[in-house]
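Here are the chains, one letter per residue:
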Amino acid sequence: MYIVSTQIEHVLHESRRFAPSEEFSKLARVKSKAEYEAMYKESIDNPEAFWAKAAEELHWFKKWDRVLNDDKPPFYKWFEGGQTNLSYNCLDRHLTTWRKNKAAIIWEGEPYGQRQILTYRELHRQVCKFANVLKALGVSKGDRVAIYMPMIPDLAIAMLACARIGAPHSIIFGGFSAAALVDRINDAGASMVITADGGYRRGAVVELKKAVDEALGKCPSVRKVVVAQRTHTPVQMVHGRDIWWHEAMENASDVCPAEPLDAEHPLYILYTSGSTGKPKGILHTTGGYMVGTYYTSKYVFDLREEDTYWCTADIGWVTGHSYIVYGILANGATSIMYEGAPNFPTPDRFWQIIERYHVNVFYTAPTAIRAFSRWGDGWPARNDLSSLRLLGTVGEPINPEAWMWYHTHIGGGRCPIVDTWWQTETGAIMITTLPGANETKPGSAGLPFFGIKPAIVDEDGKEVDNSHSGLLVVQKPWPAMLRTLYGDDERYDEVYWSKYKKQNWYFTGDGAYQDKNGYYMIIGRIDDVINVSGHRLGTMEIESALVSHPMVAEAAVVGYPHDLKGQGVCAFVSVPVGNTPGEKDKEALREHVAKEIGAIAKPDIIRFTDALPKTRSGKIMRRLLRDIAAGRDTTGDTTTLEDFTVLAKLREDQEA
Ligand code: WT7
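What you see as residue numbers is a count from 1 along each chain, following the sequence as written. It should be noted that, the model being predicted, local features are given only for residues of pLDDT at least 70 and side-chain atom pairs only at 80 or more, the latter also being counted only at that level, while totals for whole chains, interfaces and linings use all residues. Neither water nor hydrogens contribute to the side-chain values; these are computed over all heavy atoms in the structure.

**Topic: the pattern of salt bridges**
Argument step 1. One side-chain nitrogen of Lys or Arg within 4 Å of one carboxyl oxygen of Asp or Glu is enough to make a salt bridge. Counted under the stated rule, the structure contains 45 salt bridges.
Argument step 2. A salt bridge links K33 to E37; its shortest N-O distance comes to 2.9 Å. With K33 and E37 both in helix α2 (residues 33-45), this residue pair falls four residues apart, about one helical turn.
Argument step 3. Think of it in three bands: with a 1.4 Å probe and only protein chains considered, a residue is buried below 20% of the maximum accessible area for its type, exposed above 50%, and partly exposed in between. For K33, a relative accessible area of 39% puts it in the partly exposed group.
Argument step 4. Using a relative accessible area of 40% as the deciding quantity, one classes E37 as partly exposed.
Argument step 5. As a salt-bridge pair, D528 and R626 come within 3.7 Å of each other at their nearest N and O atoms. Taken together, the residues span a long stretch of sequence, with D528 in the loop between β29 (520-525) and β30 (529-532) and R626 in helix α19 (residues 622-629) at a distance of 98 residues. Helix numbering and strand numbering both begin at the N terminus, where a helix is a DSSP run of H or I of at least 4 residues and a strand a DSSP run of E of at least 2.

**A look at the site of the ligand**
Argument step 1. Note on terminology: near, applied to a residue and a molecule or strand, indicates that one of the residue's heavy atoms is within 4 Å of it. Taken together, 18 residues form the shell around the ligand, and within it D419, T420, T424, D510 and R536 come nearest.
Argument step 2. A distance of 2.5 Å separates an oxygen atom of the ligand from a polar side-chain atom of T424.
Argument step 3. At a separation of 2.8 Å, an oxygen atom of the ligand approaches a polar side-chain atom of R536.
Argument step 4. Here the Shrake-Rupley method, with its probe set to 1.4 Å, supplies the accessible areas, and only the displayed protein chains count as covering residues. Summarising the interface, the protein chains cover 96% of the accessible area of the ligand, which totals 550 Å² for the free molecule.
Argument step 5. Within the residue set of the shell around the ligand, elements represented by two or more residues are α11 (318-330), β22 (417-420) and β29.
Argument step 6. The residue classification treats Ala, Val, Leu, Ile, Met, Phe, Trp, Tyr, Cys and Pro as nonpolar and Asp, Glu, Lys and Arg as charged. All others, Gly included, are polar. Among the residues making up the shell around the ligand, the classes are represented as six nonpolar, seven polar and five charged. Definition of a polar contact: a pair of N or O atoms within 3.5 Å, with one able to donate and the other able to accept a hydrogen when the atoms are protein atoms, and with sequence-neighbouring residues admitted only if both atoms are side-chain atoms.

**Examining the confidence of the model for the protein chain**
Argument step 1. As a per-residue measure, pLDDT reflects the predictor's confidence and takes values from 0 up to 100. When pLDDT is averaged across the protein chain, the result is 93; 97% of the residues are at 70 or more.
Argument step 2. Contacts between residues were defined by any pair of non-hydrogen atoms, one from each residue, lying within 4.5 Å. Here residues 1-11 is a poorly scored stretch, pLDDT under 50, and it has 29 contacts once near neighbours within four places are set aside; other chains count.

**Overview of the side chain of T119**
Argument step 1. With respect to the secondary-structure elements, T119 resides in strand β7 (residues 115-119).
Argument step 2. Here E122 takes part through its backbone nitrogen, which lies 3.1 Å from a polar atom of the side chain of T119.
Argument step 3. Other than its neighbours up to four places away in sequence, T119 contacts K100, N101, K102, A103 and A104.

**Structural notes on the nonpolar core**
Proteins that are soluble and globular tend to have nonpolar side chains buried together.
Argument step 1. Among buried residues, the Ala, Val, Leu, Ile, Met, Phe, Trp, Tyr and Cys ones that are joined through side-chain atoms within 4.5 Å form a nonpolar core. F130, I194, F301, Y326 and F450 are the most contacted members of the largest nonpolar core, which has 169 residues in total.
Argument step 2. If you tally residues by element for this core, the top one is helix α6 (residues 153-165), at ten residues.
Argument step 3. In this structure, A103, I354, V359 and W405 belong to the second largest nonpolar core, which totals 28 residues.

**Thoughts on the sheet that holds strand β26 (residues 470-474)**
Argument step 1. The criterion for strand pairing is that DSSP finds at least two bridges linking the strands in question. An order of β25-β26-β28-β29 is seen for the four strands of this open sheet, with the pairing classed as antiparallel. Edge strands, defined here as strands with exactly one partner in the open sheet, are β25 (454-457) and β29. Each neighbouring strand pair of the sheet contributes to a mean axis angle of 45°, computed without reference to strand direction.
Argument step 2. Alignment of β25 against β26, held across four bridges, turns out to be antiparallel. Bridge assignment links V457 to a residue of β26, and that residue is L471. Axes here mean lines fitted to C-alpha atoms, for a helix over just the part in contact, with angles spanning 0 to 180 degrees between N-to-C directions.

**Structural notes on helix α18 (residues 583-596)**
Argument step 1. What a helix should span is 1.5 Å times the count of its residues minus one. Helix length check: α18, at 14 residues, gives a terminal C-alpha distance of 20 Å against a target of 20 Å (1.5 Å per residue), a fit within 8%.
Argument step 2. Within the span of α18, buried status applies to L589, H592, V593 and A594.
Argument step 3. Tucked inside the fold, the buried residues of α18 contact α17 (539-547), β33 (566-574) and β34 (605-609).

**Some points on the packing of helix α13 (residues 366-375) against helix α15 (residues 400-410)**
Argument step 1. Look at α13 against α15: their axes get within 9 Å of each other, and the N-to-C directions meet at 70°. Viewed along their axes, α13 and α15 adopt a mutual orientation that is roughly perpendicular. Of the two possible hands of crossing, α13 and α15 adopt the one that is left-handed. Where α13 approaches α15, its residues I369, R370, F372 and S373 are matched on the opposing element by A402, W405 and Y406.
Argument step 2. Residues that form the contact of α13 with α15 fall into these classes: five nonpolar, one polar and one charged. For classification, angles of less than 35 degrees are called roughly parallel, those exceeding 145 degrees roughly antiparallel, those between 65 and 115 degrees roughly perpendicular, and all remaining angles oblique. Whether a crossing is left-handed or right-handed is set by the direction in which the near helix is turned from the far one by less than a right angle, anticlockwise for left-handed and clockwise for right-handed.

**As for the sheet that holds strand β13 (residues 224-228)**
Argument step 1. The mixed open sheet is built from eight strands, whose spatial order is β14-β13-β10-β8-β9-β16-β17-β27. Every interior strand has two partners, whereas the edge strands, β14 (242-244) and β27 (484-485), have only one.
Argument step 2. Bridge analysis of β13 against β14 gives three bridges, and the strand direction is parallel. From the neighbouring strand, V226 faces β14, where its bridge partner is I243.

**Regarding helix α16 (residues 489-497)**
Argument step 1. Among all positions of α16, only R491, Y492, Y496 and W497 are buried.
Argument step 2. Where α16 is buried, its residues contact β17 (280-285), β27 and β28 (506-514).

**A closer look at the environment of A211**
Argument step 1. By the secondary structure assignment, A211 is in helix α8 (residues 208-216).
Argument step 2. When the C-alpha positions of A211 and L181 are compared, they lie 8.2 Å apart, and in sequence the two are 30 residues distant.
Argument step 3. With residues near it in sequence (within four places) discarded, A211 still touches Y148, A178 and L181.

Here is the structure:
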């Protein structure tokens, strides 16, 4: 049982602590705080020896010459001179063991009754075949492949096939629109797109191939499109360009040895929002990312051979890359992959899946947990969740209420919860509490993972004391870190390293503070990026989408606290004088944003206004808009505001 140390809670100072049970700790990989501290110390005092030991658990075609090359910060190299292959380590490595016929992926489709189990051998066979398909269609080492697919096994197969031949993939979340596809495909210069006719979402079909067709008119680099058949929605196949997945696979050989790749060979690009309009192509490479995701999966999820593990993320986000596919399969674990919505056809779909497969480790997002708790305690109670032994969260800070609900109604009061802080950029989990070793505290991510050296500093880089919040930085390079922004070393340097150039610290963009036990509490982004349901959206990107609509003169987008999504999107929109837009226009703008970016970016609130609050130099004062959107009084400095009536007017409208 969990031990509740104290029951007192007030807003900022959560003091409840939960220690893992003795049974849990006894069987865990790291069994006590002392053991964690010893390993952590070793990893910081002697990082190269520490990571070399971790890497040795995996297969290398050629051993590295140097663990860390830090000659030219911020361009770090890990396991330089080494050659390996992540597809090999996720698949072939297990085939010579009893795991060969162990389930690698258990797939559950959204429509009831559709399921598939791929053993390690079978997954290997499919991956080899598809790697041969890629080669036959002209994809070679180094070529970029865009993947735009629903959550079906073919998606994992496509990734592992790309990794096998050294063709970096760029997965684009299936919820993004054709316009978002264009930017991402062109930035990467992808020569192939892998997609499907459609995908299922809450019973409806999302027409993926149609979006690809719409995009490709503007993507000159794409020569081939492979289309998996999922929904049997009619699609148009372009002669000479489009190939059905199942037809291409029919005669493909299942022999395809994994290509030995340099440790720093690019593994994938994944686009994420930044504070400017243009998405950032985060580049991850092979060896360091492999070691980082392998090791964090092993220790944070405390993976045991007999575990069935389930991460509910979409593979289109980094969580799915690292913790549905790469890190989990590198450990030889069984990974569940679910295609659809959590409430289809009923709000207990997730709990049914846990019961059916006896899931032991479950990893999901705070936004989902808040939705579950709203749907009612009755839904989890209908299902047997007693197989669960460990829970995790990721994507945004979790509010203590949601944490407690998760702990009580899903974890049955007995499962440790690992709150994992990390980013697309970090590749792997950075801050969390190792479940058998450290107490958890609702709402706090916890302590650094091995080899990670975070700090909370002020603008000048001075460490702040425990009673203050500050900026979260990472003071040492780590294996799974991003290597650059694809094709833009300069922006990489600027965004992440210029703020603390002297010190060579990585700037996370998050605000945080530490409690007296050294636990890190992440407050959230301090740049113009908002976190909607655990996904980062650049406010600039949404603004550009809005102003591309003829009705809009100017737009400013800010986040505001949202019960379910963590943050909601609030757009202040000014229209040319003389226009009096109404509710219908709001809906039109919302649809327009969905078309330009995707439904996830749709503003929750649109407020029409004659003017936006600006400084004398013309900069929109978002801080003020954030206060208005949140219904707060403005506490900060307003002396730089040019026209005070604008602010007064916005407030008036608010009250009206
Ligand atoms: C941003 C990264 C990491 C995979 C999913 C999101 C926020 C993430 C936590 C957490 C508080 C968190 C941060 C971070 N975030 N996990 N456990 N507690 N905040 O990846 O889209 O790259 O977003 O998500 O603000 O910087 P991402």
